[in-house]
Amino acid sequence: MVGTMLRIVRARPPPPPASASPRCGRSALQGSCSRTLTHCHLPDFFRDSMKLQLGGSFPTPRVLALSALTTLAAFVSTAAPAHAANNVLYGMGNRSSATLGEGWTGYEPTAIANEKSATFVAAGDTHTLFIAPDGSLWGMGDNTYGQLGTGDTVHRHRPVQISSIGVTVTSAAAGSSHSLYVTSDGSLYGIGGSTGAVIGTGVSTRTSPILIATNVASVTAGTSFSAFLKTDGTLWVTGSNTYGQLGTGNTSTVNIPIQIATDVAQVDAGDYHTLFVKTDGTLWATGNNDDGELGNGTTTDLLTFTQVATGISRCSAGGGYSLLLKSDGSVWGTGSHATGVLGNGQSSGSSTTPVQVATGVSRISAGKMHSLILKTDNTLWVTGNNTYGQLAKGDFGFRTTFTQIATSVSSFAGGGLHTLYTTTANTLYTAGDNAYGQLGTGALGACAFPIDLATDVASASAGLHQSLFVKTDNTLWGMGSASIGMLGDSLSTSYQATAKQSNTAIAAASTSQNHSLFLKTDATLWGAGFNSNGQLGRGNTTSSTTPILISADVQSFAAGAGTTYFVKTDNTLWATGDNSSGQLGDTTTTDRLSPVQIATGVASVTTTAFGRHVLFLKTDGSLYGMGRNTNGQLGNGNNTNQSTPILIATSVASAAAGDSHTVYLKFDGTLWATGFNGYGQLGTGNTTSRNTAIQTATGASKIAADGSHSLFVKTDGTLWAMGKNSFGQLGDGTRTDRSTPVQIATGVIFVEAGYEHSFFIKSTDDHTFAAQPLSQPATMNQLISLTTISSGTGSESIRWYSGLRGDTTQPILLLPSANTPEFTFNANGSSYSWMKRGPAAAIGASATARVTLVAPTSFATFIAAHTSLAGADLTSTADPDRDGLSNLLEYAFGTSPIQPQRHADLASMTTGSGTRKLSLAHRRSKNAAVTFSYESSADLVNWTPATPLVIVTTADADGDNLIEVATATLNVNGSEPRQFLRVKIDAP
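Numbers given to residues run from 1 along each chain, matching the order in which its sequence is written. Given that this is a predicted model, residues contribute local features only at a pLDDT of at least 70 and side-chain atom pairs are listed and counted only at 80 or more, while totals for whole chains, interfaces and linings are drawn from all residues. To get the side-chain values, take all heavy atoms of the structure and skip hydrogens and water.

Caption draft 1: Seen up close, the side chain of His 337. Looking at the secondary structure, you find His 337 in the loop between strand E25 (331-336) and strand E26 (350-358). Burial here depends on accessible area, computed with a 1.4 Å probe over protein chains only, as a share of the maximum for the residue type. Under 20% is buried, over 50% is exposed, and the range in between is partly exposed. Taking relative accessible area as the criterion, His 337 reaches 3% and is therefore assigned buried. Separated by 3.1 Å, the side chains of His 337 and Gln 346 make a polar contact. Residue contacts are counted whenever heavy atoms from the two residues lie within 4.5 Å of one another. The residues touching His 337, leaving out its near neighbours within four places in the chain, are Leu 342, Asn 344, Gln 346, Ser 347, Ser 348, Gly 349, Ser 350 and Ser 351. Strands here are runs of E lasting at least two residues and helices are runs of H or I lasting at least four, both read from the DSSP assignment and numbered beginning at the N terminus. Distance and chemistry together define a polar contact, namely a pair of N or O atoms within 3.5 Å, with one atom able to donate a hydrogen and the other to accept it when in protein, and with adjacent residues in sequence counting only for side-chain atoms on both sides.

Take a look at the structure:
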C-alpha cells in the first residue's frame, strides 16, 4: 500500500486577521507536495502576504491552503506582523459626521471654545467673520485670496483677528472670495477677492485690509461683487457684473465703486442678483433671474434695478432665491424650491412671484441653499439643504419647512454650506461644512493628512457617513452616522463623534451607505441598519437597530448600496437586496428580500458603498462582475449593465470596487484598472475613462477603492493613492486630484477606502520583508529562486525550516538582516517547508525543500482507462491536462487527468457549544480500493490515529455516483499551542 497524505494544520488560535476586510479577497498558498494535499495555517505574520491562484477568504482563524498542484508558492510579500501590539489605524478625507471619529461632526452646532465671544456674524461661501463684544473683527476658514486679512493665503482653522487693535468694527460681510467691514467712523475696508474689482481697488487683490470708502453705514458681499450703503442713503456697487447684478444697464465689470441708487434703507447681495429696500418700503431687484429669484413674475434677467414689490422692511438674497420680510412679520420667498430652501413644503420647481412661508419673524438670512429666520421670541428656525449638516439639527436630512434649532439667538447667518449664530450671552455657534476650517473648531471637514485614530486595530471598513474597525481582541468599534444601529450597538442616534466599542466576538465588519454587516468569530453573519431593499435578508423591508442573523458558515462578505453579499464556507455566493442594475447577478433586476444563491466555487466578494456593481473572485483566480456598467467598470469592452456574472480577468489575487470603477491585483503583482476615470482614479496619468482594463502599476500587494479614488500597497509596504481628493481622502496633504499614483506612507499592512475617506494600518514595528516574484509555476525538479529583501528595526523575524517532520533546529533563512539573501526551492525529493515566527537572528545556512510525487503500486488500471495518454503523461507525477492536479491526485479524488478543472479543499476553524473544531471538506472516491483515514499530532512529529466525525455532505459530486464529498470535524484541545490533522489516502 502506498499512502497519500492530506494534512491540515491549525496554529494557535489567533485574533481575526487584519486583512479580513470584506473588500479583500482571500489569500491562499498553493504549492507542490509529495503524495499530499496539505492545508496549513501559516503564522499571523503572513496575513495577506500569500496570494496565489486559489484566492478566497476564511472564517477566523484563517487557514491558508497548500494543494498538490504543480505551482510552487515561491513568494512572500509581507509587512510587519498583522497582529502586533499597537497596530495603529490612520484616517484621512471627509470627516463630516465624525467618519474619522476624532470628536468633531459638524452636524450639531458647536460652540467655539477658548475664543472671544461674538455679537455679529457673517458667512461667506467657505469662510466666516464675526465681531467680538470689544468691536474687534475675527475670521476663519478659506484664505485662498487673502480674505482673512492675515497678509498670506494660508487657511485658518481657528479664529484670527483681522481688524487692527483698538479699531471698532460695526458691521461686516463675507463673499465667495472676499471680506468687507465697516468701522465705527464709517470707513469701509476690503480684503481678498479673485480680482481687485471685487472689493473696488481697481486691479490688484489684497491680503491685508485696504480702505475702500468713507461715510459707509452697511455693506453686503455677493459672488465676486460688493455693494454698500452710505450714511446719506446712496447705494454703491463694484465687481463682477456678468448677469447685471450691479444694475448698471450692462454686464461690464465695475473696477471701482460707483453710485447706483438713492434713498436706500437696506441692501443684500446674493450669488448673482442684488436686492434693496427703499425708505418707502419698495423692493428693487436686478441680476440673474433663472429661477424667478427677482420675484417679478418672469425668469428674464434684469440689467437695471426694477421695482418688484411694496411693503417690504428687509430683504435677503441667496443662491437662486430670495427671502422678503414684511412689516407685519410675515416672510415671503421667491425663486428656486430646490432642497426645500423656501420653506413652503416643496423641494422642486420654483416660484416667480413671492409666496408666504412664515409669520412672526423679526429677521431673515438666505444662504446659498438653506434659509434661516429669527422669530420675535428670538428662536432660530431653518429649512433647505442639509448635505453637510448646516441646518444644525444633528443629522443631514433636508427640510422643506422651517424647523426650530435654537433659542435666545441674537445674530445669525447662512453661508455656502455652513451656519453661524450667536446667543444673547454672546456665545458663537457653528455647524455644517468645515472643509476650510470655516467653523473655527480647529478640526477640518476635510483632513488631507493621515491622522492616527486607534491602536491594536486588525481591520477597518469605511462607509458613506460611518466607519467601523475591529481590534485584535475581536471588539467592534464605530464612529460617524449612528442611525438605525449601523454601528452595531443596537442604538439609533444621529452620530457617534468618537470611536465607541459596540460589540464583541467580531471577526470582521463591513459598512456601506445605510447598513452594516458583522461577521462573528463563530462564522455567523449579522446585519443592522436600513432594510428598504431587503438588504438584511429577513424576508421583508423592516429596518433593524439590533443586529439580526443573516447566515451561518460565512467566510467572506460585503455590504453594498442597499445590498448584502456573502460567501459561505462551501464557496457558494449569496446575495440579497437592491437589484436595480442587476447587481445581484440572478438574471433579473428584481429586488430580493431574502438571500439567493448566485454562484459556486467562489472565494471572496467585494462591492462599493455607494455604487451598483459587485465583483467576486473564484477559487481558481478568475474575477467575475455584475451590475452597473455605464462607465465600463466591468471591463468587458462595453457599457451595458450585466444581470448575470461575466468574466473580467484571470490569475487575479484580489479586487476592489469604486463607485464607477474597478481595480484588481494579479498574482504577478501588477495592478489593473477599468471604468470611470474623471478624477484619475485609474492611475493612468490622465482622466480618460475605459471599458477595458489597463495595467497601471507593478509590485502591488494590497488594494482598496471606493467613491472615486483608489489606493494600493506595494510589496515594500509603501502606500500609494490616486483619484479624487476633494476631502483629502488620498492623504497627501493636499486636496488636489491625482491621475498618477502618489506615495502616502510607509510600513503599511492594511488599507481600506470609503466613499470620501480612507484608512490604513501601520505597525509600530517598522520591519518589512518583501519578496519577488509573487508567484511562479513550477514543474518537477525545477529550481525556483526567490529573492527577499529585509529592512527595518523590528524585533520580529521570519524563519523558514525544512525537514520531513518540521525540524526546528536547521533554519534555512533568518530575518531581519541587512543583507539581501537569496535562497532556492528544489522541487525534488521528499521534504516540505513551513514557517514560524521567532527572534531576530543572522542569516543561517542555505538549504532546499524537496518535493516528489510517488506513484502507488497499483495505478495502471486508472491510467489505462484514458487511452489518449502516452509516454511521460502516464506517470503519477504528470499533469497532462495542465489543471494543477497530478495523475495520482486525479485518481484519489476521482477527477479526470485529461479534462482540466480546478480543485480546492478548504479547511476551516469553527466554534460550537464552546468547543473549537477543525473541519475539512474533501472529495473522495467511492472505490473500495481507496481508503481514507485520519491522524492527528500536536507537534508534526508524533502522529496518532484520530476519529473525527465524518459526514458525507454531497453524496454524488459529479453525477456519476463515483465521487462524494465528505466533511471531517475534529474537536481541538485548546490547551495545545498547535494541533494538526492529516488525511491518509491509501491505494493498492
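Caption draft 2: Molecular detail of the side chain of Asp 268. Relative to the elements of secondary structure, Asp 268 occurs in strand E19 (residues 264-269). Within this scheme the basic residues Lys and Arg register as positive and the acidic residues Asp and Glu register as negative, but His and the chain ends are omitted. By salt bridge we mean one thing: a side-chain nitrogen of Lys or Arg within 4 Å of a carboxyl oxygen of Asp or Glu. In this structure Asp 268 is buried but unpaired, with Arg 314 as the nearest side chain of opposite charge at 7.0 Å. For Asp 268, the side chain forms a polar contact with the side chain of Thr 220, separated by 3.4 Å. One polar contact links Asp 268 to Ser 316, side chain to side chain, over a distance of 3.5 Å.

Caption draft 3: Quick peek at the sheet that holds strand E30 (residues 399-406). Here we have four strands laid out as an open sheet, ordered E27-E28-E29-E30, and antiparallel in their pairing. What marks the edges here is a single partner per strand, and that holds for strand E27 (361-366) and E30. With strand direction ignored, the average angle separating the axes of adjacent strands in the sheet is 20 degrees. In this analysis, strands are considered paired if DSSP registers two or more bridges between them. As paired elements, strand E29 (residues 380-384) and E30 share four bridges and run antiparallel to each other. By the bridge assignment for E30, Leu 380 is matched with Ala 406. Axes here refer to lines fitted to C-alpha atoms; in helices the fit is confined to the stretch in contact. Angles between the N-to-C directions go from 0 to 180 degrees.

Caption draft 4: Geometry of the pattern of salt bridges. Across all of its chains, the model carries seven salt bridges by this definition. When the shortest N-O distance is used, the salt bridge between Asp 271 and Lys 368 registers 3.1 Å. Residue Asp 271 is found in the loop between E19 and strand E20 (273-278), and its partner Lys 368 is found in the loop between E27 and strand E28 (370-375); the two are separated by 97 residues along the sequence. Taking relative accessible area as the criterion, Asp 271 reaches 15% and is therefore assigned buried. Here Glu 964 makes a salt bridge to Arg 924, at a shortest N to O gap of 2.6 Å. In this pair, Glu 964 sits in strand E73 (residues 963-971) while Arg 924 sits in strand E69 (residues 915-925), placing the two residues 40 residues apart along the sequence. Accessibility expressed as a relative area gives 13% for Glu 964, which makes it buried. Its relative accessible area of 17% is what places Arg 924 among the buried residues.

Caption draft 5: How the structure looks around the sheet that holds strand E55 (residues 700-706). Read from one edge of the open sheet, four strands run E55-E56-E57-E58, paired in antiparallel fashion. If you trace the sheet from one side to the other, it starts and ends with E55 and strand E58 (738-745), each paired once. For this sheet, the mean angle separating the axes of adjacent strands, direction not counted, is 20 degrees. Sheet topology note: the E55/strand E56 (residues 709-714) ladder contains six bridges and is antiparallel. Bridge assignment links Ile 703 to a residue of E56, and that residue is Phe 712.

Caption draft 6: Quick peek at the pairing of strand E60 (residues 757-762). Most of E60 sits out of view: five of its six residues are buried. Strand direction decides the pairing type here: strand E59 (residues 748-753) and E60, joined by five bridges, are antiparallel. Its bridge partner lying in E60, Ala 753 is registered against Ser 758. Between the antiparallel neighbours E59 and E60 lie three residues.

Caption draft 7: Region of interest: the confidence of the model for the protein chain. Known as pLDDT, the predictor's per-residue confidence is scaled from 0 to 100. Predicted confidence across the protein chain gives a mean pLDDT of 76, with 72% of residues reaching 70 or more. Segment residues 765-858 is flagged for pLDDT under 50; beyond a separation of four residues in sequence, or across chains, it makes 267 contacts in the model. A low-confidence stretch, residues 902-913 (pLDDT under 50), is modelled with 51 contacts involving residues beyond four sequence positions or located in other chains.

Caption draft 8: Inspection of unusual backbone geometry at higher detail. Phi is positive for Asn 426, close to 65 degrees, though the residue is something other than glycine. Within the element layout of this structure, Asn 426 appears in the loop between strand E32 (418-423) and strand E33 (428-432). Look at Asn 426 and you get partly exposed, because its relative accessible area is 25%. Phi angles above zero are rare outside glycine, and Ser 651 is one such case at about 55 degrees. With respect to the element layout, Ser 651 can be found in the loop between strand E50 (642-649) and strand E51 (652-657). Among the residues examined, Ser 651 registers a relative accessible area of 32% and is labelled partly exposed.

Caption draft 9: Just the packing of aromatic side chains, in detail. Two rings from Phe, Tyr or Trp (for Trp, the six-membered ring) form a pair when their centres are within 6.5 Å of each other. A pair whose planes differ by under 30 degrees is stacked, one over 60 is edge-to-face, and the rest are tilted. Under the definition given, this model contains 14 aromatic pairs. Seen in terms of ring centroids, Phe 130 and Trp 138 are 6.5 Å apart; in terms of plane orientation they differ by 10 degrees. Their pairing is stacked. Just as Phe 130 is buried, Trp 138 falls in that class too. Taken together, a centroid distance of 6.5 Å and an interplanar angle of 5 degrees make the contact between Phe 566 and Trp 574 stacked. Overall, Phe 566 belongs to the buried group, its relative accessible area being 2%. Among the aromatic residues, those joined into a ring-pair cluster are Phe 276, Trp 284 and Phe 305. A ring is scored as having a charge over it whenever the NZ atom of a lysine or the CZ atom of an arginine sits within 6 Å of its centre and within 35 degrees of its normal. Across the ring face of Trp 332, the terminal group of Lys 326 is positioned such that the distance to the ring centre comes to 4.3 Å. Just above the ring of Trp 477 sits the side chain of Lys 471; from NZ or CZ to the centre is 4.8 Å.

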